Amino acid sequence: MRPRRIARRLVARARHWGTPHVHCPGCGGDNPVPDDSDERICFVCHVRWFRQPLSGDPARDHAAIAERVGPGERWTAVWHPRLVDGPDGDGKRNESLDDLAFVYLL
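Residues numbered from 1 in each chain as written. Predicted model: local features only at pLDDT ≥ 70, side-chain atom pairs only at ≥ 80, totals over all residues. Heavy atoms only, no water.

**Describing the packing of aromatic side chains**
Right, on to step 1. Scanning the model with the defined rule gives two aromatic pairs in all.
Right, on to step 2. With 5.1 Å between their ring centres and 70 degrees between their planes, W49 and F102 make a pair best called edge-to-face. Taken together, the residues W49 in strand β4 (residues 48-53) and F102 in strand β8 (residues 100-105) connect sequence positions 53 residues apart.
Right, on to step 3. For W49, a relative accessible area of 1% gives the class buried.
Right, on to step 4. Residue F102 is classed as buried on the basis of its relative accessible area, which comes to 1%.
Right, on to step 5. Where W49 meets Y104, the ring centres are 5.6 Å apart and the plane angle is 15 degrees; that geometry is what we call stacked. Placement of W49 in strand β4 and of Y104 in strand β8 is noted, with a sequence separation of 55 residues between them. In this pair, the class of W49 matches that of Y104, namely buried.
Right, on to step 6. Through successive ring pairs, a cluster of aromatic residues spans W49, F102 and Y104. (Phe/Tyr/Trp six-rings, centres within 6.5 Å; stacked < 30°, edge-to-face > 60°. Helix = DSSP H or I, 4+ residues; strand = E, 2+ residues; numbered from the N terminus. Buried < 20%, exposed > 50% of the residue type's maximum accessible area, 1.4 Å probe, protein only.)

**Things to note about the pairing of β4**
Right, on to step 1. Relative to β4, strand β3 (residues 40-41) runs antiparallel, the two sharing two bridges. By the bridge assignment for β4, I41 is matched with R48.
Right, on to step 2. Counting the residues between successive antiparallel strands, the hairpin from β3 to β4 contains six residues, one of them, H46, with a positive phi of roughly 65 degrees. (Pairing = 2+ DSSP bridges.)

**Side note on the nonpolar core**
Right, on to step 1. Judged by nonpolar contacts, the single largest core of 13 residues is most densely connected at C24, C27, C42, W49, L97 and F102.
Right, on to step 2. Take this core: its biggest share by element is three residues, from β8.
Right, on to step 3. In this structure, F50, V69, A77 and V103 belong to the second largest nonpolar core, which totals six residues. (Core = buried A, V, L, I, M, F, W, Y, C linked by side-chain atoms within 4.5 Å.)

**Quick notes on the confidence of the model for the protein chain**
Right, on to step 1. Looking at the protein chain, the pLDDT average stands at 86 and 96% of residues meet or exceed 70.
Right, on to step 2. In the model of the protein chain, strand β7 (residues 91-96) stands out as the element of lowest mean pLDDT, 79, in contrast to helix α2 (residues 58-69), which has the highest, 94. (pLDDT = per-residue confidence, 0-100.)

**Details of the sheet that holds strand β5 (residues 75-79)**
Right, on to step 1. Pairing is antiparallel across the open sheet formed by four strands, whose spatial order is β3-β4-β8-β5. The outermost strands of the open sheet, each flanked by one partner alone, are β3 and β5.

Below, the structure is given as structure tokens:
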């Protein structure tokens, strides 16, 4: 990795240390868990992404994502992403966010 990207990744890790966060699939940088479906930009690699709620029907979910993204735009999705450092009574835990997908615009 380039020095600037390494520095941004260290800053992102320091910002989210011990708080619930998700990892960007593009660079592995720490990102806050979005609470709405607004578009976000990864602090480390500058990939645009958003949160998409899932209905349970894969075909309908895929069609909803394709409709939101628009024709001709390249995208990828992480289905059921992992929440890292979620609070627990005994410490921290990792868990799968089963009702979500994170869509990354390429």
